[in-house]
Amino acid sequence: VADSEVPDCHSKVRITSSPRFTKRSSIKCICCSSLQFLLDTCKILVIGAGGLGCELLKDLALSGFRHIHVVDMDTIDVSNLNRQFLFRPKDVGRPKAEVAADFVNGRVPGCNVVPHFKKIQDLDETFYRQFHIVVCGLDSVVARRWMNGMLLSLLIYEDGVLDPSSIIPLIDGGTEGFKGNARVILPGMTACIDCTLELYPPQINFPMCTIASMPRLPEHCVEYVRMLLWPKEKPFGDGVALDGDDPTHIQWVFQKSLERAAEFSITGVTYRLTQGVVKRIIPAVASTNAVIAAACATEVFKIATSAYVPLNNYLVFNDVDGLYMYTFEAERKENCSACSQVPQDLQFPPSAKLQEILDYLTENASLQMKSPAITTTLDGKNKTLYLQTVASIEERTRPNLNKTLKELGLVHGQELAVADVTTPQTVLFKLNFIS
Amino acid sequence: MTDNKTSKEQKYDRQLRLWGDHGQEALENAHVCLINATATGTEILKNLVLPGIGVFTLVDGHKVSGEDVGNNCVSITIFSKPKVTYMLNDVVLILQNRAQAATELLQELNSDVSGNFVEESPDKLLDNSPEFFHRFSLVIGVQLPESTYLRLGSVLWEAGVPFLICRTYGLIGYMRLIVKEHTVVESHPDNALEDLRLDQPFTELKHHVESHDLDNMEKKDHSHTPWIIVVAKYLEKWYSEHNSQLPKNYKEKEAFRQLIREGNVIHHIQRILTNENGTPEDEENFEEAIKNVNTALNPTKVPSATEDIFNAEQCENITSQSPSFWLIAHGVRDFVRNEGNGKLPVRGTIPDMIADSDKFIKLQNVYRDKAMKDAAVVSKHVEALLQSVGKPPESTSEQEIKLFCKNAAFLRVVRCRSLAEEYSVDTFNKDEITSCMYSTDSEMVLYLMLRSVDRFYQQHSRYPGVYNYQVEEDINKLKLCVNSLLQEYSLNVNVKDDYIHEFCRYGAAEPHMVAAFLGGSAAQEAIKIITHQFVPFNNTFLYNAMSQTSATFQL
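- Where an unreviewed UniProt entry is consulted, chain B appears under the name NEDD8-activating enzyme E1 regulatory subunit, with the organism given as Sinocyclocheilus anshuiensis.
- The annotation that UniProt attaches to chain B under Sequence similarities (unreviewed entry) is "Belongs to the ubiquitin-activating E1 family. ULA1 subfamily."
- What the UniProt record of chain B gives under Function (unreviewed entry) is the line "Regulatory subunit of the dimeric UBA3-NAE1 E1 enzyme. E1 activates NEDD8 by first adenylating its C-terminal glycine residue with ATP, thereafter linking this residue to the side chain of the catalytic cysteine, yielding a NEDD8-UBA3 thioester and free AMP. E1 finally transfers NEDD8 to the catalytic cysteine of UBE2M."

- Under an unreviewed UniProt entry, the name given to chain A is NEDD8-activating enzyme E1 catalytic subunit, and the organism recorded is Sinocyclocheilus anshuiensis.
- In its Catalytic activity (unreviewed entry) section, the UniProt entry covering chain A states "ATP + [NEDD8 protein] + [E1 NEDD8-activating enzyme]-L-cysteine = AMP + diphosphate + [E1 NEDD8-activating enzyme]-S-[NEDD8 protein]-yl-L-cysteine."
- Per UniProt, chain A carries the Sequence similarities (unreviewed entry) text "Belongs to the ubiquitin-activating E1 family. UBA3 subfamily."

Brief notes about the interface of chain B and chain A
Working step 1: Chain B puts 88 residues into the contact, and the matching count from chain A is 80 residues.
Working step 2: Roughly 7,300 Å² is buried in total at the junction of chain B and chain A, and carbon and sulfur atoms are behind 56% of that figure.
Working step 3: The interface formed by chain B and chain A holds 9 salt bridges in total.
Working step 4: Ionic pairing is found between Arg-272 of chain A and Asp-21 of chain B, a salt bridge with its closest N-O pair at 3.0 Å.
Working step 5: Counting across the interface, chain B meets chain A through 27 residue pairs in polar contact (both at pLDDT 80 or more).
Working step 6: The element that contributes the greatest number of residues to the side of chain B that touches chain A is helix H25 (residues 512-531) of chain B, accounting for 9 residues.

Some points on the pairing of strand S14 (residues 415-420) of chain A
All names here are of chain A.
Working step 1: As paired strands, strand S12 (residues 373-378) and S14 are joined by 4 bridges and run antiparallel to one another. Among the inter-strand pairings, Thr-376 is bridged to a residue of S14, identified as Leu-416.
Working step 2: Sheet topology note: the S14/strand S15 (residues 423-433) ladder contains 5 bridges and is antiparallel. Note that in S15 the partner of Asp-420 across the bridge is Thr-423.
Working step 3: Two successive antiparallel strands, S14 and S15, enclose a turn made up of 2 residues.

A closer look at the sheet that holds strand S1 (residues 31-35) of chain B
Residues and elements named next belong to chain B.
Working step 1: The 8 strands lie next to each other as S3-S2-S1-S4-S5-S6-S9-S10, forming an open sheet whose pairing is mixed. Here the strands that pair on one side only, and so sit at the sheet edges, are strand S3 (114-118) and strand S10 (549-553). Direction aside, the axes of adjacent strands within the sheet are offset by 15 degrees on average.
Working step 2: Here S1 runs beside strand S2 (residues 55-59); their pairing, made up of 5 bridges, is parallel. Note that in S2 the partner of Cys-33 across the bridge is Thr-57.

Considering helix H9 (residues 271-278) of chain A
Working step 1: Summarising burial for H9 of chain A: 6 of the 8 residues are buried, a large majority.
Working step 2: Residues of H9 of chain A that are buried: Leu-273, Thr-274, Gln-275, Gly-276, Val-277 and Val-278 of chain A.
Working step 3: Contacts from the buried residues of H9 of chain A go to helix H7 (218-233) and helix H8 (247-263) of chain A together with helix H2 (13-28) of chain B.
Working step 4: Of the residues flanking the end of H9 of chain A, it is Arg-280 of chain A, one or two places downstream, whose phi is positive at about 50 degrees.

Some thoughts on the domain arrangement of chain B
All names here are of chain B.
Working step 1: The domain architecture assigned to chain B consists of domain 1 (19-169 + 510-522), domain 2 (203-297) and domain 3 (304-413).
Working step 2: The C-alpha centroid of domain 3 is placed 32 Å from the C-alpha centroid of domain 2.
Working step 3: In this assembly, 15 residues from domain 2 lie in contact with 13 residues from domain 3.
Working step 4: Counting across the domain 2 and domain 3 interface gives 2 salt bridges.
Working step 5: Between Asp-221 and Lys-359 there is a salt bridge whose closest N-O contact spans 3.0 Å.
Working step 6: There are 4 residue pairs in polar contact (both at pLDDT 80 or more) connecting domain 2 and domain 3.
Working step 7: Of the residues in the side of domain 2 that touches domain 3, the class split is 5 nonpolar, 6 polar and 4 charged.

Digging into the pattern of salt bridges
Working step 1: By the definition in use, this model includes 54 salt bridges over all chains.
Working step 2: Arg-216 of chain A is the salt-bridge partner of Asp-352 of chain B, the closest N and O atoms lying 2.6 Å from each other. Of this pair, Asp-352 of chain B sits in the loop between helix H17 (324-337) and helix H18 (357-388) while Arg-216 of chain A sits in the loop between helix H6 (208-213) and H7, on two different chains.
Working step 3: Between Lys-477 of chain B and Asp-474 of chain B there is a salt bridge, and its shortest N-O distance comes to 3.9 Å.

Observations concerning the side chain of Thr-306 of chain B
Working step 1: With respect to the secondary-structure elements, Thr-306 of chain B resides in helix H15 (residues 304-311).
Working step 2: Beyond its immediate sequence surroundings of up to four residues, Thr-306 of chain B is in contact with Leu-344, Ala-408, Ala-409, Phe-410 and Leu-411 of chain B.

Structural notes on the UniProt feature "domain: E2 binding" (unreviewed entry) in chain A
Working step 1: Feature annotation in UniProt places "domain: E2 binding" (unreviewed entry) on residues 346-434 of chain A, given in this structure's numbering.
Working step 2: A helix fraction of 19% and a strand fraction of 36% characterise residues 346-434 of chain A, whose end C-alpha atoms lie 10 Å from each other.

Looking at the packing of aromatic side chains
Working step 1: Applying the stated criterion across every chain, the model contains 27 aromatic pairs over all chains.
Working step 2: Each ring, one from Phe-317 of chain A and one from Phe-517 of chain B, has its centre 6.3 Å from the other, and the planes form 75 degrees; the classification is edge-to-face. Taken together, the positions of Phe-317 of chain A in strand S9 (residues 314-318) and Phe-517 of chain B in helix H25 put the pair across two chains. No difference in accessibility class separates Phe-317 of chain A from Phe-517 of chain B, as the two residues are buried.
Working step 3: Ring geometry for Tyr-149 of chain B against Tyr-423 of chain B: centres 6.5 Å apart, planes inclined by 70 degrees, an arrangement best described as edge-to-face. Separated by 274 residues along the polypeptide, Tyr-149 of chain B in helix H9 (residues 146-159) and Tyr-423 of chain B in helix H20 (residues 419-423) bring together distant segments of the chain.

Focus: the sheet that holds strand S8 (residues 179-185) of chain A
In sheet architecture, strand pairing relies on hydrogen bonds along the backbone and comes in two forms, parallel and antiparallel.
Residue and element names in this part refer to chain A.
Working step 1: In space, the 8 strands of this open sheet follow the order S3-S2-S1-S4-S7-S8-S9-S10, with mixed pairing throughout. Two strands in the sheet have a free side with no partner beyond their single neighbour: strand S3 (112-116) and strand S10 (324-328). Looking at each pair of strands side by side, their axes are set apart by 15 degrees on average, direction ignored.
Working step 2: Relative to strand S2 (residues 67-71), strand S1 (residues 43-47) is paired through 5 bridges, and the arrangement is parallel. Each bridged residue has a counterpart across the sheet, and for Ile-47 the counterpart in S2 is Val-71.
Working step 3: Sheet contacts for helix H2 (residues 51-62): S1, S2, S3, strand S4 (133-136) and strand S7 (170-176); angle to S1, the most-contacted strand, approximately 160 degrees.

What about the environment of Ala-523 of chain B?
All names here are of chain B.
Working step 1: By secondary structure assignment, the location of Ala-523 is in helix H25.
Working step 2: According to the relative accessible area criterion, Ala-523 is buried, its value standing at 0%.
Working step 3: For the pair Ala-523 and Ala-296, spaced 227 residues apart in sequence, the C-alpha separation works out to 38 Å.
Working step 4: Residues contacting Ala-523, with those up to four places away along its chain left out, are Ile-44, Asn-47, Leu-48 and Leu-518.

Calculation rules
- Residues numbered from 1 in each chain as written.
- Chains lettered and ligands numbered in written order.
- Predicted model: local features only at pLDDT ≥ 70, side-chain atom pairs only at ≥ 80, totals over all residues.
- Heavy atoms only, no water.
- UniProt positions renumbered as here; feature names shortened; annotations may be inferred.
- Contact = heavy atoms within 4.5 Å.
- Buried area = accessible area lost by both parts, 1.4 Å probe.
- Salt bridge = Lys/Arg side-chain N within 4 Å of Asp/Glu carboxyl O.
- Polar contact = N/O pair within 3.5 Å; in protein donor to acceptor, adjacent residues only side chain to side chain.
- Helix = DSSP H or I, 4+ residues; strand = E, 2+ residues; numbered from the N terminus.
- Pairing = 2+ DSSP bridges.
- Axes fitted to C-alpha atoms, helices over the stretch in contact; angles between N-to-C directions.
- Buried < 20%, exposed > 50% of the residue type's maximum accessible area, 1.4 Å probe, protein only.
- Domains from an automatic or database assignment.
- Nonpolar A, V, L, I, M, F, W, Y, C, P; charged D, E, K, R; others polar.
- Phe/Tyr/Trp six-rings, centres within 6.5 Å; stacked < 30°, edge-to-face > 60°.

Structure below.
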């Protein structure tokens, strides 16, 4: 397309394409076909309509994307309003995805945002397969891993060779206070979420003995009330769980925490601290979300127009002291439990108890499973060794935890299939007996 | 009234956990001026309105243009009226002043915020009433031509009003902060070392440690004694054998750790306390002690940044005009040179550690009480100082002094050079520019290109390559500007042609993604200036959206 033929309305979208910056040939401008693709065909999925999600939707809509879907299972809370700017006080209680979609559709002509007031796990592969790019603004590592696993499950291998057209790029953003990160994942090609699980260290919970008998910090007092006193006193009735969003619940926990603290001469219990501990609140501001969302949206744009080298592949941002940005290439793990397609190695003596395997699956830094269900094939039949999430099956299989692997009939080389909330597909493990 | 307070506390909860109620108060008492409601400008303002800035004044002499309305890459569209009326009121909207349109729509984001607009160009205001700008806590100038920001810079420098310049130019983001002197008490450092005074325990700490007899404790007490006390006890042993010298290098620290390990084992053997495998169990608190040896034994001293503050001219020469930061600094300095014996007031906090409640609280109180005592002494010094310059003792509050003492090791002062200094051939930072340019793709080249396009604007009253037909011929014109810039400043650096082509192609566009990135970055720097918490950048920030890299230079 000759320069003089490019319509003026494209002039502001004309961005460099000198050989230095593009993988492909040196075209003079993002030619019409690329821009048309953006406007007419490109389908983007935004996961989360919260702090990052609102910013992402705006950034994408104002950059020309027309077909956007957004998934979020939450409803709007007052504490969202300091940064989730697509929501107003009158929207409190309504589903985030729906309000966000309404706002953008009403303000950006031609843009069509489709909301899904659902958990990501409620949608299946047919849904996810329709998108060209997925961009996440999630606040949970478990959800990230699930999304990661879902896109991995959509990959098609023919004779062991990955079909590139089955790759759906995943752009993942995260923020916490004044820190944030953005990463580009090409499933099957670059490091995935699970390859770098160590970057998300497990949440540190206080030891039980500290909470039960040796509190030292105000936080210990709150945890005592939440974990031990509430189940004992059932202040709002039998079977009524502690709801962090209910101010009357928090008030009760606050009062009891004060009493606990007074017993041990501990100062510092406040309502704000109490709520922070119960809800595991992460501080958040508009500015960090704006920065990280913009970085993510820039990557979406680069990949969608396929005329630029995407971020390779992990960006870290921190503006506590000045502004600091650092990019590095996260490496694929050869034996990644999610993307390597290699059965994971489990090394245990035959005298080890099944409980030990369960502990390994949850505690190992590279696995960090939440409540794994272990099944295997014995005598040609599928057998559940242990499953936690269904009470009746948990009861039935609980005795297995105390049995040795030998007693359970497992042999060297036994394949165990493990299902967990952190992944949509089961993970295969191979049992290697050691002495 | 309480309802309003509670609902504000709820709304701002997530950010109150970062800068506290006093930070929020500072934000709500601030009045920010933003010049030019472009995409970048409205993004910055959005990120200030949402957290609850008190008042903003938008200065913009432009009318809403077809570009603003029709080009969806401009942020203002997100704030445009609902679809139906938008279509009908296209013409009306176009005739509307951009400042007014933006103000109305930004206010909608937060009812706690007051917004004003001034339909005037900043140049006109500078011509007729420059003192207009004196009333603001901070002025943010967006997409300004060089002549305007230089004029404004000079006025604000004289008036002592902080000035933040922001520009989005194609895929480049740029920020320049100009503030003569910005003091920070609460810098909130990410990895602060504890202030435990183990190398030179104060009297009360010494007594407290002495009151524990590790060797004759019951197992339960022994394994729940705070590691601080364990280290203190073993340090005494070490001192007696090493001429009162701290373990200094790796070898000595390792030997010290071994001392603790052995002490633990001996204690076990004495009490025949082994686990079922027959090997002694390391008590967790002893493990903690060993782990912390590295940092716990660092010599207590005044950090250099704080030392610089003590030696600053503003600290030395206190007058009745001195801001409280320098007054209190002088008071702390007096403390350090007298009662403190070369050390800052005790911070008063200790990290959590394995210990029973009673032992931990008692130890914590030893530090807390000492911190309070030290702060009280500092107060006395400050009082005397206030008296000497004829100010009443209520001029500084107890709270202020306590906060200062607690953060004495983290104080920061940011001084940015003026634009005049940056631009003058005599005082510009030649060294910084030249050394950065050894690497020809350093972000510094982007700074030189921005200076060059400003030159182009001066000569041609427009930016290069705005229209397609201009791109080719402007390349040579821009190259001339680059060369004349380098010549004027005698800069012997190489600016690759690639960048000149690049900047022509940009056509001074303002893509939304870059505007949004800058919007977040600039807003947070503004909040730092207003709240005096966290540390602002000093003084030039460049962001490259294509490579997703950034750099900060002090120019």
